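The residues making up each chain are set out below.
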Amino acid sequence: MANTYEDFKANFLRMSGIDLNSYKESQMKRRIDNFYVRRKFSGYDDFFRALSADTEMQKEFTSYLTINVSEFYRNPPQWQTVEKDVYPTLLDRFGKRLKIWSAACSTGDEPYTLAMLLAEHVPLMQVDILATDLDKDILEKAQEGCYVEKSISGLPKQYRDKYFESDGKGNVRISDDIKKRITFKHHNLLKDPYPRGMHLIVCRNVMIYFTEEAKDQIYQKFSDSLVDNGIFFVGSTEQIIGPAKYGFKSAQSFFYEKTKE
């Protein structure tokens, strides 16, 4: 059934719609091998049979593969750039109803951060952010808006005080006012249609896991998703090589602007 890694990838694609060929093989194979060895399966065939029969294991495995690592205000200087430079520039160009997409949003830290920062510039009711991820379970957690207190430790105090409530036991919940400004949706970057007319797209620390061929396709789709002069915000471990071929130019470190066609 799935005696080799190639067999496993083909069968998993049919079962889940997730194409593991688009991820860097050395990283992905190591993660998969670690997963099934820890659970004492004898090989890919044995593992896939169990996976096919156990929906909870499928969910756990998918969540494991999608590498959900996130935190509020990760890499603070970049978020300061968003608040003090990127948002004012976009608001000047496009008005106060910005269309913002947080792609591969994980547990929701980034879209919620985007909303809090934008609310410093426009009334909160005018904030509208799309947040998507491949992992349906992680999207449910994001919608709940509950976090351990440590995850917001890097967030400026003004936002912690204004938008979070502590339970006194090391956990915090984000305010409903912010939660209402985020629309969470399931989305596969490799196969699903991309939203159009976006002014700002944020996709950070995700592209490093894809093959160069997959990156080419995804970067072009992100470019097509942006309006002219829109901004694409990437992670601190990422750099677009030859951005012009996707219709981008470097605005500053980690920020790319879509050029007019």
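A brief report on the enclosed structure follows. Predicted, not measured: the structure shown is a model, and the values here were computed from it.

**A word on the packing of helix α1 (residues 5–16) against helix α4 (residues 55–65)**
The description of two packed helices rests on the angle between their axes and on the distance between the axes. With their axes 13 Å apart at the nearest point, α1 and α4 run at an angle of 110 degrees to one another. Taken together, the axes of α1 and α4 are roughly perpendicular relative to one another. You can see that α1 and α4 cross each other, and the crossing is left-handed. Counted together, F8, F12 and M15 of α1 and Q58, F61, T62 and L65 of α4 form the full contact between these two elements.

**Quick look at the sheet that holds strand β1 (residues 100–102)**
Either a parallel or an antiparallel arrangement is found when strands of a sheet pair, and the pairing is made through backbone hydrogen bonds. Pairing is mixed in the open sheet, where seven strands are placed in the order β6-β2-β1-β7-β8-β10-β9. Looking at the sheet topology across the chains shown, the edges are occupied by β6 (182–186) and β9 (248–252). For this sheet, the mean inter-axis angle between neighbouring strands, taken without regard to orientation, is 25 degrees. Where β1 and strand β2 (residues 129–133) come together, three bridges link them in parallel fashion.

**A short note on helix α10 (residues 212–225)**
For α10, which comprises 14 residues, the first-to-last C-alpha distance of 20 Å matches the rise-based estimate of 20 Å (1.5 Å per residue) to within 8%. For α10, the complete set of buried residues consists of A214, K215, I218, Y219, F222, S223 and S225. One side of α10 carries all its buried residues, which in axial view fall inside an arc of 165 degrees. Summarising the contacts, the buried residues of α10 are in contact with β1, β7 (198–202), β8 (226–233), β9 and β10 (255–258).

**What to know about α4**
Listing the buried residues of α4 in full gives M57, F61, T62, Y64 and L65. Along the axis of α4, the buried positions cluster into a sector of 160 degrees, meaning they face one direction only. Set apart from the buried face of α4 by more than 90 degrees, the exposed residues are T55 and E56. Contacts made by the buried residues of α4 are with α1, α2 (25–38) and α3 (44–53). Among the residues of α4, the N-terminal cap falls to D54, whose side-chain oxygen and the backbone nitrogen of E56 are separated by 3.0 Å.

Cut-offs used in this document
- All residue numbers refer to position in the chain's written sequence, counted from 1.
- The model is predicted, so local features are restricted to residues of pLDDT at least 70 and side-chain atom pairs to those at 80 or more, both for listing and for counting; the totals for chains, interfaces and linings are taken over all residues.
- Only hydrogens and water are set aside when side-chain values are computed; all heavy atoms of the structure are taken into account.
- Here, axes are lines fitted to C-alpha atoms. For helices the fit covers the stretch in contact, and angles between N-to-C directions go from 0 to 180 degrees.
- Strands are runs of DSSP state E lasting at least 2 residues, helices are runs of H or I lasting at least 4, and numbering of each runs from the N terminus.
- We call two directions roughly parallel when the angle between them is under 35 degrees, roughly antiparallel when it is over 145, roughly perpendicular when it lies between 65 and 115, and oblique otherwise.
- Put simply, a crossing is left-handed when the front helix is turned counterclockwise from the back one by less than a right angle, and right-handed when it is turned clockwise.
- Any pair of residues with heavy atoms lying within 4.5 Å of one another is described as a contacting pair.
- Paired strands, in this sense, are two strands between which DSSP finds at least two bridges.
- Multiplying 1.5 Å by the residue count of a helix minus one yields the expected span of that helix.
- Burial here depends on accessible area, computed with a 1.4 Å probe over protein chains only, as a share of the maximum for the residue type. Under 20% is buried, over 50% is exposed, and the range in between is partly exposed.
- Each direction from the helix axis to a C-beta atom contributes to the arc, which is the arc of those directions.
- Any N or O atom pair separated by 3.5 Å or less is treated as a polar contact, with the protein-specific requirement of one donor-capable and one acceptor-capable atom, and with residues adjacent in sequence counted only for side-chain atom pairs.

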